Amino acid sequence: MANEKDFTEQARVRREKLAALQEEGRDPFQITRFDWDITSALIKERFDALEGTAVRVAGRLMSKRGMGKVSFCDLQDRDGRIQLYARQDEMDPEDYKRFKKYDIGDIVGVEGTVFRTQRGEMSVRAKRITLLSKALLPLPEKFHGLQDRELRYRQRYVDLMVNPEVRRNFEIRSQFIRFLRNYLDQRGYMEVETPVLNTLAGGAAARPFITHHNTLDIDMYLRIATELPLKRLIIGGLDRVYEIGRIFRNEGMDPRHNPEFTTVELYQAYTDFHGMMDIAEGVISGAAQEILGTYEVDWMGEHVDLSPGWPRLTMMDAVKQYTGLDFAAISDNEEAVKAAETLGVELAETAERTWGNALFAVFDQKVEEHLVQPTFITMYPVEVSPLTKRSPEDPRLTERFEFFICRSEMGNAYSELNDPIDQRQRFEKQAEQRDRGDEEAEMLDEDFLTAMEYGMPPTGGMGIGIDRCVMLLTGADSIRDVILFPTMKPLE
């Protein structure tokens, strides 16, 4: 990158150029519109048919070269870049003279014809070039590579200008969300919106952000999940609902976590967690095929096959497969905890020393790291699944799954608990954990319990992290690469 002194000098010169234009009555900021009629990509795609045709293009000047009476530029628009060819004897002499003073980064509108240069470059032969906006700061000479990553996240607008691959990530993000909506809409789901501000934080084990409502004079929480409002809608008779939206959790930051992130949560009456598995697999596999044209992706240093037919393992089977420890042969709580400790597994300080917590701790600390290819892990302990229906075969377990790819949890689903008496007891257990210092434990939601008492049908529900799905489809190794404006610590 240019040093600060050079950067400041360039900025000063650009402001002087703007002042001169304004004195001439040619202030670019007074221009309100330019009606372009084609993009760089379409010119290249349809070149044979367009050669010799008059066109109007608009974009940012990314390079300038040439001397005297002939100039070449690269113009960047929304679809890519196209070369501009400008000759003094083919333009108004004064227009050409002004054009020569334009800077890299300036935004222009160009009227000209499509042609191919002697070197075979598809180009626009300029007849008129209009300055639409003056860039008062120069573009950095180098704005890529790991050493500049933090600057790129802070100044995403510059990142998008100079790093074309960044735009691709966010195009894929948009395509994935569009695919997801279409997938659910075609299956009779209704998209809804629920509150971001809540008087209780519920639906997940997470620490909330707290704010204050001045008029009501109460503290409120930014939502940590959309689960409980969406279930209220199921109770109200909206049988298939989903919401795509921002979630906020006051937790740590790392390559897979950002304090605000995007999820889809969906709920369907009269189905169970098996129905959710089919949707999860259909969304991820279908999106890969639709957007990338293949089921094969590379992510986190691994080659992943997203073809339908993902393996489905119970948590006990997965623990036995990867550690040799058979929780099915253990019934005593203390024996289960000791068995976990023999593997070097420690339970959280706030967790009760139970069979279920021991099983989950072993899975979390010893098994997740092995789950590279898409895998459904089912039948979670009731202690870590306070909103999930118990298994009829084993009341210590619940009809819940999470699916993993490249050691990352991508989604979470339940056969939703619809017994209000059982739900109250589990909320009370969570409240006890909060009293012991667990700030991520569920809060007791009386209104949700009241809603359940009116009767909730058997329901399958699921949440999927959209950011991680986009990381998978783009090969990004940091969540910040797929969030346009990731959370950053302010500069001093």
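None of the values given here were measured: they were computed from a predicted structure.

(A) Examining helix 11 (residues 333-342) more closely. Along helix 11, the residues that are buried comprise Ala 336, Val 337, Ala 339 and Ala 340. Relative to the axis of helix 11, the buried residues are bounded by an arc of 160° and lie together on one face. Within helix 11, the exposed residues directed more than 90 degrees away from the buried face are Lys 338 and Thr 342. Tucked inside the fold, the buried residues of helix 11 contact helix 12 (355-367). One side-chain oxygen of the residue at the start of helix 11 lies 3.1 Å from the amide nitrogen of Glu 334, identifying that residue as Asp 332. At the C-terminal side of helix 11, Gly 344 shows a positive phi close to 80°.

(B) Spatial organisation of the packing of aromatic side chains. Within the structure shown, the criterion is met by 14 aromatic pairs. Aromatic ring contacts, followed pair by pair, group Trp 310, Phe 376, Phe 401 and Phe 403 into a single cluster. Sitting over the ring of Tyr 183, Arg 187 keeps its end group 3.5 Å from the ring centre.

(C) Spotlight on the sheet that holds strand 7 (residues 197-198). Taking strand neighbours across the sheet as the criterion, the three strands line up as 7-9-8 in an open arrangement whose pairing is antiparallel. Both edges of this open sheet fall to strand 7 and strand 8 (210-213), since each of them pairs with a single strand only. Relative to strand 9 (residues 218-222), strand 8 is paired through four bridges, and the arrangement is antiparallel. Among the inter-strand pairings, His 212 is bridged to a residue of strand 9, identified as Asp 219.

(D) Fine view of the nonpolar core. Membership of the largest hydrophobic core comes to 74 residues, with the highest contact counts inside it found for Phe 176, Ile 284, Phe 327 and Ile 405. No other element matches the ten residues that helix 9 (residues 273-292) contributes to this core. Among residues more than four places away in sequence, those in contact with Phe 176 are Val 283, Ile 284, Ala 287, Ile 291, Ile 466, Cys 469, Val 470 and Leu 473. Grouped together as the second largest cluster of nonpolar side chains are 24 residues, Leu 61, Cys 73, Ile 129 and Leu 131 included.

(E) Layout of the sheet that holds strand 14 (residues 312-314). Taken in spatial order, the eight strands of this open sheet run 6-10-11-18-17-16-15-14, and their pairing is mixed. With partners counted over all chains shown, the strands left at the sheet margins are strand 6 (190-191) and strand 14, one partner each. Where strand 6 and strand 10 (residues 240-248) come together, two bridges link them in parallel fashion. Bridging across to strand 10, Met 190 finds its partner in Val 241. In the packing of helix 8 (residues 227-235) onto the sheet, contacts are made with strand 10, strand 11 (260-269), strand 17 (408-415) and strand 18 (459-465), and the angle to strand 11 comes to roughly 20°. The strands touched by helix 10 (residues 315-323) are strand 14, strand 15 (375-381) and strand 16 (397-405); relative to strand 14, the strand with the most contacts, the crossing angle is about 90°.

(F) Broad picture of the pairing of strand 9. Note: strand 7 against strand 9, two bridges, orientation antiparallel. Bridging across to strand 9, Asn 198 finds its partner in Tyr 221. Where strand 8 folds back onto strand 9 in an antiparallel hairpin, the turn is made up of four residues, including Asp 217, whose phi is positive at roughly 55°.

(G) Region of the structure containing the side chain of Asp 106. In this structure, Asp 106 sits in the loop between helix 4 (93-100) and strand 4 (107-116). Note on Asp 106: relative accessible area 0%, which makes it buried. Polar contacts involving the side chain of Asp 106 include one to the main-chain amide nitrogen of Asp 103, which spans 2.7 Å. Ignoring anything within four residues of it in the chain, the contact list for Asp 106 reads Arg 14, Gly 59, Arg 60, Leu 61, Leu 131, Ser 133, Lys 134 and Ala 135.

(H) Main features of unusual backbone geometry. The backbone phi angle of Asp 217 is positive, close to 55°, even though this residue is not glycine. Structurally, the position occupied by Asp 217 is in the loop between strand 8 and strand 9. Under the relative-accessibility criterion, Asp 217 is labelled exposed at 57%. One non-glycine residue, Met 300, lies in the positive phi region at around 55°. Considering the arrangement of structural elements, one finds Met 300 in the loop between strand 12 (296-299) and strand 13 (302-305). For Met 300, a relative accessible area of 24% gives the class partly exposed.

(I) Here's a closer look at helix 8. Burial analysis of helix 8 places seven of its nine residues in the buried class, which makes it a mostly covered element. Where helix 8 is concerned, the buried positions are Glu 227, Leu 228, Pro 229, Leu 230, Lys 231, Ile 234 and Ile 235. Buried residues along helix 8 sit in contact with strand 10, strand 11, strand 17, helix 14 (446-453) and strand 18. Positive phi shows up at Gly 237, right after helix 8, with a value of about 110°.

Rules used throughout
- Starting afresh in each chain, residues are numbered from 1 along the sequence in its written order.
- Only residues with pLDDT of at least 70 get local features here, since the model is predicted, and only at 80 or more are side-chain atom pairs given and counted; chain-wide, interface and lining totals rely on the full set of residues.
- As a rule here, side-chain values come from all non-hydrogen atoms in the structure, and water together with hydrogens is ignored.
- Relative accessibility decides the category of a residue: with a 1.4 Å probe and only protein chains considered, values under 20% of the type maximum give buried, values over 50% give exposed, and everything between is partly exposed.
- Put simply, DSSP marks the helices as runs of H or I at least four residues long and the strands as runs of E at least two long, and each gets a number from the N terminus on.
- The directions considered for the arc run from the helix axis to the C-beta atoms.
- Throughout, a contact is declared for two residues whenever any of their heavy atoms are within 4.5 Å.
- Whenever two N or O atoms come within 3.5 Å, that pair is a polar contact, provided that in protein one can donate a hydrogen and the other can accept it, and provided that, for residues adjacent in sequence, both atoms are side-chain atoms.
- Each pair of aromatic rings taken from Phe, Tyr and Trp, with Trp reduced to its six-membered ring, is defined by centres within 6.5 Å and is described as stacked if the planes are under 30 degrees apart, edge-to-face if over 60, and tilted in the remaining cases.
- Charge-over-ring contacts are defined here by two conditions on Lys NZ or Arg CZ: a distance within 6 Å of the ring centre and an angle within 35 degrees of the ring normal.
- One bridge is not enough; two strands pair if DSSP finds at least two bridges between them.
- We define the nonpolar core as a collection of buried residues of types Ala, Val, Leu, Ile, Met, Phe, Trp, Tyr and Cys that are connected through side-chain atoms lying within 4.5 Å of one another.
- Note on method: axes are straight lines fitted to C-alpha atoms, helices fitted across the in-contact stretch only, with angles between N-to-C directions ranging 0 to 180 degrees.

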